[in-house]
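One letter stands for each residue in the lines below.
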Amino acid sequence: MDLQSSIPAYDVQGSSCVYELAQNTELSWVMILPEFSAEINFLISAYGDFMDYKRFKIQAKVPALVALPDSDLYSSTGATKAHPFNYYARQDVIDKLKNIAKEYSETFPKALGLVFNDMSLPWGGLFDIGEEVLCPDDKPCKYWVAPHRSHRDGYNVDLKTNGLTAGQLIQIKSIAEKQGASVLDEGNHYHLNFKSKSDKDYDEYNVCY
Ligand SMILES: [Zn+2]
């Protein structure tokens, strides 16, 4: 799958037809954009003293997210069929990840490189709206309950910790904190939050769900 075709496209349909319009009538719509990124296609028709329609697109996206470049010092994992591009972030966060990987490799020159797991999608937004699945109590899980709720605008990165020694874990945490990350231990990974502590959304981004 190429990057463009990984972006969902939605056609807005239905009730935007307006009838019996006088000429030069001004119309306005309010649209609440979705939590997930998508290219949204509109068709708006109007009827009256004239008849016209307009098609246009809106990109619901977080601008300026960039891909984690390839490196000998780290790798990325966690891509799925639904999300083949799971390694995007803000440029400043990418730079900090490079710094973390570099200092880690200097501290542990014989260790394997760091492995970054899920970051953000190319256009950001809710990371994974998922399929409706059966929960343990056999009731359908709500569609919009999502993992990685905070991984939506390039500030959050999961760093795989499986197989690392206690000493390596302590060092990684310290190195990441020096780069401005808060570090949440999620068992098999560290959830790194690069949002500024003074940001009003800081606490919300400090969780990995
Ligand atoms: Zn996370």
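So, here's what we can say about the structure. Remember, predicted model here, so these are calculated numbers, not experimental data.

## Concerning helix α2 (residues 166-178)
Side chains of residues three or four places apart in an α-helix project in the same direction, reflecting 3.6 residues per turn.
Thinking step 1. Spanning 13 residues, α2 covers 19 Å between terminal C-alpha atoms, matching the ideal 18 Å at 1.5 Å per step.
Thinking step 2. Listed as buried for α2 are Gln 168, Ile 172, Ile 175 and Ala 176. Taken end-on, α2 shows its buried residues confined to a sector of 95 degrees, consistent with a single buried face. Of the residues in α2, the exposed ones pointing more than 90 degrees away from the buried face are Ala 166, Ile 170 and Lys 178.
Thinking step 3. Tucked inside the fold, the buried residues of α2 contact α1 (91-107), β8 (114-116), β9 (156-160), β10 (182-185) and β11 (189-193).

## Observations regarding unusual backbone geometry
Thinking step 1. Phi is positive for Ala 64, close to 65 degrees, though the residue is something other than glycine.
Thinking step 2. Structurally, the position occupied by Ala 64 is in the loop between β4 (51-60) and β5 (66-67).
Thinking step 3. By relative accessible area, Ala 64 is classed as exposed at 64%.

## Quick notes on the pairing of β10
Thinking step 1. Across 4 bridges, β10 lies against β11 in antiparallel orientation. The residue of β11 that forms the bridge with Asp 185 is Tyr 190.
Thinking step 2. Where β10 folds back on β11, the antiparallel hairpin that results is connected by 3 residues, among which Gly 187 adopts a positive phi of roughly 90 degrees.

## Brief notes about the nonpolar core
Thinking step 1. Ranked by size, the top nonpolar core spans 29 residues in total, and within it Leu 97, Met 119, Leu 192 and Phe 194 carry the most contacts.
Thinking step 2. Of all the secondary-structure elements, those providing two or more residues to this core are β7 (88-89), α1, β8, β9, α2 and β11.
Thinking step 3. With residues near it in sequence (within four places) discarded, Leu 97 still touches Leu 68, Phe 116, Met 119, Val 157, Leu 192 and Phe 194.

## Digging into the side chain of His 151
Thinking step 1. Following the sequence through the fold, His 151 ends up in the loop between β8 and β9.
Thinking step 2. Since its relative accessible area comes to 0%, His 151 is described here as buried.
Thinking step 3. Engagement of the side chain of His 151 in a polar contact is seen with the side chain of Asp 158, the distance being 3.3 Å.
Thinking step 4. Among the polar contacts listed, one links the side chain of His 151 to the side chain of His 191, at a separation of 3.3 Å.

Basis of the calculations
- Residues numbered from 1 in each chain as written.
- Predicted model: local features only at pLDDT ≥ 70, side-chain atom pairs only at ≥ 80, totals over all residues.
- Heavy atoms only, no water.
- Helix = DSSP H or I, 4+ residues; strand = E, 2+ residues; numbered from the N terminus.
- Expected span 1.5 Å × (residues − 1).
- Buried < 20%, exposed > 50% of the residue type's maximum accessible area, 1.4 Å probe, protein only.
- Arc of directions from axis to C-beta.
- Contact = heavy atoms within 4.5 Å.
- Pairing = 2+ DSSP bridges.
- Core = buried A, V, L, I, M, F, W, Y, C linked by side-chain atoms within 4.5 Å.
- Polar contact = N/O pair within 3.5 Å; in protein donor to acceptor, adjacent residues only side chain to side chain.

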